[in-house]
Each structure stands twice: as structure tokens, then as C-alpha cells.
Amino acid sequence: MTIFTKELSSIAHYQKYPNLIPWIGDGYDEAKHKLLILGESHYLDKDSQYHHNPEEWYAGVDVSAFKDLGWMKTANIIRNGLKDGWKKKSKLIYKNLSKALIESKVEEFAIEQPFQKVCYLNYFQRPAEKIGKSIKVSCLDSQVSADVVSEVTAIVKPDIVIFSSTLAWNHAKKSNLISELKERGIKCARVPHAGMPWWNRVSKKYDNKTGKYYFIDFITSAVS
């Protein structure tokens, strides 16, 4: 429970799916530089199909009885990962982001558990259809995701927003969300998905750096 919980709970989409409310570290509100990291999307058990229809999903599906509900409880996933040191393979994105934050040597993030100082949520507000695959983004997915993330940022007021997903960044750009965030004085960047091979590969897109080092360089320049 954080000081932001009540306001975040008032967002219409989170009233339908409170499990998707962002992770906010205990030290986020006092952080000198408030950092929001956006992943791509959750995914569910391979046999689940109740999230496949965008219209039905955004109208509201009762997910309370489904056994894989825990797969999309954003805050719980990170809380549990912090407890076990990101041991599970599915937690690689958080493990790699944590390492990069520590290596940035930015004072507030160069701590044992940097996720205690950041806010995290997945950009897309509907789980992907297949495990390990990107969501098939519908017009409704694109619209709702931009609206929800805009509402979240208005509440948690980040100074820096980093998209760890090219797919999310591209849709946020098309929806004019990136322009909106920049107009509000928020520093924005995109990096590859931190749980994928591109995180450790050099790319021209990232100034001939790996995704990891582009992330580190952006963080250090954003706080200077």
C-alpha cells in the first residue's frame, strides 16, 4: 500500500482489474528523480483464452476464479521477485533492469534493491495471447493503454519514463503519448525488452551500444 494506491484505484480500468495496478517501491515518493519503467505485457497460462477478445476484455471479465490470475498481479510479481532474488527465468527482465540500475552508479538506484525506488507497470493493459510472444495489438489495446498510462503518470508524476519495449514505444508514439509526456517535462526513452537477447546486443538504434548500456547512459544523463 502506497500513498498513490487510492488514486490509482480510481482509474476505471483498474477498477475492473486491480491486479494490474503498478508496482511502486516504498522509496519512490521520496526519490530525487522519480523513474517509471514500462514493460510490454503480462501473459497467462497457455490454455487460457479469456483475454483473447479485446472488446470483451476492456468491457470487463471476471478474472477472480481463474487459476492464473497471479500471473498478472504486477505488484505481487515484483514483490515476490525481490524476496527470492529474481530466481525464476520469467523474472529476467526485472533482474537485468536491477543490475543496470545498480551499475548506473546513480546514488538513489545504486542500492541492493533498486526496485524499491522505482515505479513499474506493463504498457499494454491486456495480457499477450501466447507465452513468450508479443501481444497482437488491436486499436482498442493501443487506445486504452495510452489512456491508462497517461492517467498513471498524472498520479505518480515521474521525472523519467523508460520503455523497455519497442512495441510499446511505437504504439505510445502513434497515440501521441510520448509527445504528451515530453510536453509535461518528462524525459523519455526506449530500450529493448530487458529479458530478451537484444538487451545485450550492440545496435545502431542505440548509438552502437547494447540496450543495457544505452539504458545506463540515458539514466545517468537524465539525472545530471
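Residues numbered from 1 in each chain as written. Predicted model: local features only at pLDDT ≥ 70, side-chain atom pairs only at ≥ 80, totals over all residues. Heavy atoms only, no water.

Attention now goes to the state of the cysteines. As enumerated under the stated definition, the model contains zero disulfides in all. Here Cys119 is not disulfide-linked; the sulfur of Cys188 is the nearest cysteine sulfur, at 14 Å. The class of Cys119 is buried, set by a relative accessible area of 0%. (Disulfide = S-S within 2.5 Å. Buried < 20%, exposed > 50% of the residue type's maximum accessible area, 1.4 Å probe, protein only.)

Structurally, Tyr214 can be placed in helix H9 (residues 211-222). A sequence separation of 168 residues divides Tyr214 from Lys46, and the C-alpha atoms of the two residues are 33 Å apart. (Helix = DSSP H or I, 4+ residues; strand = E, 2+ residues; numbered from the N terminus.)

Along the chain, the position of Thr166 falls in helix H7 (residues 166-174). Residue class for Thr166 comes out partly exposed when judged on its relative accessible area of 25%. Each C-alpha atom of the pair Thr166 and Glu40 lies 8.5 Å from the other, and the pair is 126 residues apart in sequence. Apart from the residues within four sequence positions on either side, Thr166 is in contact with Arg190, Val191 and Tyr206. (Contact = heavy atoms within 4.5 Å.)

Let us look at the nonpolar core. Judged by nonpolar contacts, the single largest core of 42 residues is most densely connected at Leu8, Tyr123, Val156 and Phe163. Listing elements by their share of this core, those giving two or more residues are strand S2 (35-39), helix H3 (54-59), strand S3 (118-122), helix H6 (139-156), strand S4 (160-163), H7 and helix H8 (177-183). Top contributing element to this core by residue count: H6, with seven residues. Beyond its immediate sequence surroundings of up to four residues, Tyr123 is in contact with Leu38, Gly39, Glu40, Ser142, Ser145, Ala146, Val149, Phe163, Ala168, His171, Ala172 and Leu177. Counting residues in each nonpolar core, the second largest holds 30 residues, with Trp86, Leu97, Phe215 and Ala222 among its members. (Core = buried A, V, L, I, M, F, W, Y, C linked by side-chain atoms within 4.5 Å.)

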